[in-house]
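As a plain string of letters, each chain reads:
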Amino acid sequence: MKAHVILLWLALATASLLNTAHGQSSERIKDNNTNAWLMYFGDHKFADKWGIHAELQLRRHNTFQDPQQLLIRTGINYDLAPNAMLTLGYGYIETHPYGDYPAADKFPEQRIYQQLQLKGSLARLGLTHRYRLEQRWVKQPNTDDYTYLNRARYMLKAILPLAGPTLEPKELFLAAYDEVFVGFGKNVKQNIFDQNRAYIALGYKISDAASLEVGYLNQIVQKSNGVVFEHNHTLQFGFSHTLNFASQQQ
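Counting restarts for each chain, with residues numbered from 1 along the sequence as it is written. This being a predicted model, a pLDDT of at least 70 is required before a residue's local features are given, and a value of 80 or more before pairs of side-chain atoms are given or counted; all residues contribute to the totals for chains, interfaces and linings. Calculated side-chain values reflect all of the structure's heavy atoms, with hydrogen atoms and water omitted.

**Some words on the pattern of salt bridges**
Think of a salt bridge as a Lys or Arg side-chain nitrogen and an Asp or Glu carboxyl oxygen that are within 4 Å of each other. Throughout the structure, instances matching the rule amount to 12 salt bridges. The partner of Arg 111 in a salt bridge is Glu 134, and the shortest N-O contact between them spans 3.3 Å. Of this pair, Arg 111 sits in strand S5 (residues 107-122) while Glu 134 sits in strand S6 (residues 125-139), and the two are 23 residues apart along the sequence. An identical accessibility class is assigned to Arg 111 and Glu 134; each is buried. Salt bridges linked by common partners bring Glu 109, Arg 111, Arg 130, Glu 134, Arg 136, Arg 151, Arg 153, Glu 179 and Asp 194 together as one network. Runs of H or I in DSSP of at least four residues are treated as helices and runs of E of at least two as strands, each being numbered from the N terminus. Note on exposure labels: buried denotes an accessible area under 20% of the residue type's maximum, exposed denotes more than 50%, and partly exposed covers the range between, all computed with a 1.4 Å probe on protein chains only.

Written out as structure tokens, the structure reads:
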């Protein structure tokens, strides 16, 4: 029963956000886009409490036709406890012009981030809370100038096994999450609310070390002018993989 309450909360939170955006549409410009993201996530242990995070995302606009973004992210993981992990990492992002209100040219971003991830369960539902701080250096298109920005992110993700009380290899599952992004600091303009991502997917646990998700992401991004809001309807393919090199060395 509690598991269904969490899923209902995620659905209601998403609906509330979308209704708010719709209700204020007379004051905002709505930019609808159709995208596709291809994603790889890896967390690989090399010692008892230490590991490496590796991530690659190819983001496309007009479904698969045009480039949108390239994201490369890495980091060092440290296990505080069996269900708590800290990460310190670096990301490189290259954004291309897309949508009805595109940037003047493609531009890069250098990023450092700190992250705390907590895992738990509620009845059959697996829950993940992710807290992330980002320090971002964004190069302005067609210039040599970088703008420094701070951003905080919080994600709640839920996974529901479809075959039994626990998720086992070769079984399907449902996944859903909502993540909110908030900008802060002196260089934040009109977009203190930076974006929101609401996601639902069908997943398959290939093995204890690998899983695949195919889903839909509704991403709302507020541009720095505070007027243009991107509504990015995104098809996502995500592959997650873990390796434990520490156990192989013992």
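**Let's talk about the nonpolar core**
Think of a nonpolar core as a cluster: buried Ala, Val, Leu, Ile, Met, Phe, Trp, Tyr and Cys residues, connected wherever their side-chain atoms sit within 4.5 Å. In this structure, Trp 37, Met 39, Met 155, Tyr 177, Tyr 199, Ala 201 and Leu 217 together form the largest nonpolar core, which totals seven residues. Residue assignment for this core shows that the elements contributing at least two residues are strand S1 (29-45) and strand S9 (193-207). In what follows, a contact means two residues having at least one pair of non-hydrogen atoms within 4.5 Å. Setting aside anything within four residues of it in sequence, one finds Met 155 in contact with Thr 128, His 129, Arg 130, Tyr 177, Asp 178 and Glu 179. Core analysis: the next-biggest nonpolar cluster, separate from the first, contains five residues, Leu 125, Leu 127, Ala 158 and Leu 160 among them.

**Describing the sheet that holds S6**
Two orientations exist for strands paired in a sheet by backbone hydrogen bonds: parallel and antiparallel. Around the barrel, which closes on itself, the 11 strands sit in the order S1-S2-S3-S4-S5-S6-S7-S8-S9-S10-S11 with mixed pairing between neighbours. Direction aside, the axes of adjacent strands within the sheet are offset by 20 degrees on average. We treat two strands as partners when DSSP finds at least two bridges between them. Every axis in this analysis is a line fitted to C-alpha atoms, fitted for helices over the stretch in contact. Angles between the N-to-C directions lie between 0 and 180 degrees.

By themselves, these observations are geometric and do not establish any function.
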